[in-house]
Number of protein chains: 2
Amino acid sequence: MKERFAELKTRLAEIHDLRRAQEILFWDQTVMMPPGGGSVRGHQVTTLDRIAHEKFISVEIGTLLDDLSDYEQQLDYGSDDASLIRTTRRDWVKASRVPAELAAEMTGAAAEGHDVWAKARAENDYELFRPVLERAVELKRRYVDCFDDYDEPYDVLLDDYEPGMKTVEVRQVFDDLKAELVPLIAEIGSVEGDDAFMEGPWPIDAQHAYSLKIIERFGYNPSFARLDLTVHPFAASSGTQDIRLTTRYLEDDVTSIFTAMHECGHGLYEHGVSPTLERTPLCHGVSSALHESQSRLWENIVGRSRHFWNHFYPSFREAFPEAVGDVDQERFFRAINRVKPSHIRVDADEATYNLHIILRFELEQEILAGAIDLKELPEVWNSRFEEYLGIPVPTDTLGVLQDVHWSGGGFGYFPTYSLGNIVSVQIWEKVLSEIPDLHDQFELGEFGQLHEWLQTRLYSLGRKFTPQETLERVVGGPIDAEPYVRYLKDKLGALAAA
Amino acid sequence: MKERFAELKTRLAEIHDLRRAQEILFWDQTVMMPPGGGSVRGHQVTTLDRIAHEKFISVEIGTLLDDLSDYEQQLDYGSDDASLIRTTRRDWVKASRVPAELAAEMTGAAAEGHDVWAKARAENDYELFRPVLERAVELKRRYVDCFDDYDEPYDVLLDDYEPGMKTVEVRQVFDDLKAELVPLIAEIGSVEGDDAFMEGPWPIDAQHAYSLKIIERFGYNPSFARLDLTVHPFAASSGTQDIRLTTRYLEDDVTSIFTAMHECGHGLYEHGVSPTLERTPLCHGVSSALHESQSRLWENIVGRSRHFWNHFYPSFREAFPEAVGDVDQERFFRAINRVKPSHIRVDADEATYNLHIILRFELEQEILAGAIDLKELPEVWNSRFEEYLGIPVPTDTLGVLQDVHWSGGGFGYFPTYSLGNIVSVQIWEKVLSEIPDLHDQFELGEFGQLHEWLQTRLYSLGRKFTPQETLERVVGGPIDAEPYVRYLKDKLGALAAA
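Basis of the calculations
Residues numbered from 1 in each chain as written. Chains lettered and ligands numbered in written order. Predicted model: local features only at pLDDT ≥ 70, side-chain atom pairs only at ≥ 80, totals over all residues. Helix = DSSP H or I, 4+ residues; strand = E, 2+ residues; numbered from the N terminus. Rg over C-alpha atoms; globule rule 2.2 N^0.38 Å. Buried ≥ 20, exposed ≤ 12 C-beta atoms within 10 Å, placed from the backbone. Contact = placed C-beta atoms within 7 Å. Nonpolar A, V, L, I, M, F, W, Y, C, P; charged D, E, K, R; others polar. Least-squares fit on C-alpha atoms with pLDDT ≥ 70 in both. Expected span 1.5 Å × (residues − 1).

## A few points about the overall build of chain A
Logical step 1: Scanning chain A from N- to C-terminus turns up 22 helices and three strands.
Logical step 2: Against the compact-globule benchmark of 23 Å for 498 residues, chain A has a radius of gyration of 23 Å, which places it among compact chains.
Logical step 3: Once the C-alpha set of chain A is aligned to its principal axes, its extents read approximately 70 × 50 × 45 Å.
Logical step 4: The buried share of chain A, taken over its 498 residues, is 43%.
Logical step 5: Sequence-distant contacts, at least 24 apart, represent 74% of the contacts inside chain A between residues at least 6 apart.

## A word on the interface of chain B and chain A
Logical step 1: Contacts between the two partners involve 32 residues from chain B and, on the opposite side, 32 residues from chain A.
Logical step 2: Looking at the side of chain B that touches chain A, the elements with two or more residues in it are helix H1 (2-31), helix H2 (38-56), strand S1 (225-229) and strand S2 (235-239) of chain B.
Logical step 3: The leading source of residues in the side of chain B that touches chain A is H1 of chain B, at eight residues.
Logical step 4: Of the residues in the side of chain B that touches chain A, the class split is 14 nonpolar, nine polar and nine charged.

## Considering the relation of the copies chain B and chain A
Logical step 1: When chain B is brought onto chain A, the operation consists of a screw motion whose angular component is 180° and whose axial shift is 0.0 Å, with 0.0 Å RMSD remaining. Both copies are brought into coincidence by an operation consistent with a two-fold rotation axis.
Logical step 2: Interface overlap between copies is the fraction of interface residues in one copy that are interface residues in the other; for chain B against chain A it reaches 100%, indicating a shared surface.

## Observations regarding helix H7 (residues 126-145) of chain B
Residues and elements named next belong to chain B.
Logical step 1: In this model, H7 (20 residues) spans 28 Å end to end at C-alpha, consistent with the 28 Å of a helix rising 1.5 Å per residue.
Logical step 2: Along H7, the residues that are buried comprise Tyr126, Phe129, Val132, Leu133, Ala136, Lys140 and Tyr143.
Logical step 3: Structurally, H7 contributes buried residues whose contacts are with helix H6 (100-123), helix H8 (154-161), helix H16 (353-368) and helix H17 (377-389).

## Notes on unusual backbone geometry
Residue and element names in this part refer to chain A.
Logical step 1: A cis amide bond links Gly200 to the next residue, Pro201, at an omega of 15°.
Logical step 2: Position of Pro201 relative to the elements: it lies in the loop between helix H9 (167-188) and helix H10 (204-218).
Logical step 3: Positive phi, close to 50°, is recorded for Asn124, a residue that is not glycine.
Logical step 4: Examined against the element boundaries, Asn124 turns out to sit in the loop between helix H6 (100-123) and helix H7 (126-145).
Logical step 5: We note that Arg279 has phi near 60°; this positive angle belongs to a residue other than glycine.
Logical step 6: Locating Arg279 in the fold gives a position in the loop between helix H11 (256-272) and helix H12 (288-302).
Logical step 7: Residue classification places Arg279 among the buried positions, given that 22 C-beta atoms sit within 10 Å.

Next up, the structure:
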């Protein structure tokens, strides 16, 4: 059995190498590649993807997993080996159900859809995009049809990003959240402030230097990570000791500081996976929501806190004398926590962001069910948006066309952003209960104990357990929106009232 | 047959994608990767290499090549399709003769040998390196034993870099060259000059800007290429429209200007391969020597010429006022063309460089034949070096340990450097005979017609023909040292005499 297990590990390591190579090729394409390289690179990534998929769904791996059932039962549930067999079996069963032709068709449609979407968004032309969306929906329905173990079709899509999570759970959590958020935002979203200084100028070099200054305190280190420029920031990695963060800088926008903290959160999670899981399929964060909980924890709970800025603001003011030389800390602090309904999800504040997500979550289910005629999607989007956020949508570019996800068939991803927000506060409350003086540490610019706690309790686990098991281990219970609502009310309510 | 051919192309494209992905992973590792990523990256590259090798030597490809023989005969010899079948068959026969275990052992030994070599060189400890060398030689002998179609064993090694070239031909060419060079260098290598200004300072930013200024005139364009920093400069590519050049900068050394021209030459060759050959095994320069002929042509024949500097020197002086503000053009020109025996091959001037190569070429054959006891290699190196170059070798770090090649089993590579020098002048004379006013164009900073000639006549061919056929097509004859010797005598003799 030891030999069979070693063979499984060897095969999985090879597949993992291909997957990671893909990730670096993607990073390279987005961050480094000369524009001429796009077409050939597309082929390279597709080839690696196909080979990895073929090798993974092979009969040999299925047989190995069968053969190793007894061995698995003899091991501790939480051991690396048992977790590898268990998680791989789950992945294998799911991947094996999708015919290669459908997988290839989805990949092809995503590649073709991207450029059409980009053009449609630029030209505010929903009708140009509609055929892409129709095809994506049709492919997703065929994808759902490959499975039979779901309560409702959307479960299948959600499971790709949040394994084991059910639509009904998300609906419950989001309904709770929406019921609290809509009136809260209607109330505090109307508080105005003099935020004109936020337009800068924020010199690019100073933004880069200050971003590094902050994330180095969080745990970023050039011995295992890089921070580069791109158009749509993301984090990627080749292994736990090779983390690639990306960000972007605009002269009139200091958002990059928070983007760096956000991507650093993703990066620290990948970096913190146990070295014993390197080159295995367990060597990743466990789910999109858990991942987002870490980016949001470092960005919002830490990076937009009073304690954080009590430490950093003096040096921040020195770094950006033209923008904030005469802006006191309280004014800056209110500006970066301003709640104000706006059209673009990625630019939304901490509170309204969730309503953008809930809107998409609801629409995705209705589209999948055929309850919305796609010809009328812009109208449905616009009226629902105004209902939740209180402002009208002037163009489709600022509305239904703004996100890339649907063009690539990425249905089921959106909810994980808000689930991440929710989980981030659950984890934060847990840390704080065990290390009550964290705020004092932040005031001193110290984040090492927080990082260590997260690394030990969460990051090191990688994909050993399901997301639910992982959350249970970290916070002692299931997902729950209540702490997050309380956090938002406490923080934002206080700011609005003051 | 059309279908069989399409299947061959599809399989080869997939393998080519894996190979190019490897190349970008290597570039990334050398240029971008955080140091922590090394161990995992090593596995990724090995995995891609193994999969590409397995897929290439598969029975399916062998059968396709057999089946396509008739189809090939019906096609023009010079057509893309016939060339693809013919060249692939040659590659396949060679690759299939090497057992997978030996290939893996060679790859492993190279990876292990590298670090031992680096340590041995740093510590001037040949005995530390000797076991690595012994193993490399033993593996090379086993590699040679896989073949039976050679005149002498060294042919097999040479063929890896210069397909079809025979040792006897190289020996003849090098003997001619040595007979001319040793006395020439003894004569002109003693001319002294006041080159102290060459120590700079040469500000790094100005070196980078000036390097780009020059290579953009040669044809470099950021739409299809990059120029980045590394320790040991090289050129790599992901396809014809994605070329990665690397260089390095030192405050006290302006060699980077010539390094950029050198790597640009390699890059323009890869960029110039016909777009119809993209994603096929023909999409590369045809051999090491032909490749080196292009880097050396742009670096030396163009970049160290009077005409070139007649155009560039005024702006060069403005770019580096501290180093050459009071150095006239003639003094600078003599300094960059100074012939002076020195110990390190990569720092050698245009003329003495070849003696470094000839030394290695002779030693490699004697080592392979067992004619040198490896315990005595340093003594053999040192006495032969002094015989050819006229100076003693003070340490093994400056002698037998200086090059990385042998640690990785790279026997057979060295001669292609000098063959490249030789070929570069053959090609240059041909261009000049067809475009007699090239020198006038250089005086105006114009290199477009030269680039176009090379692209049309050489670069576009890729690997369609053998190196010999390619050279025949470009210059109308076989390799010949005579033009190169004449070029060196004319240029360097004149400088020494003046």
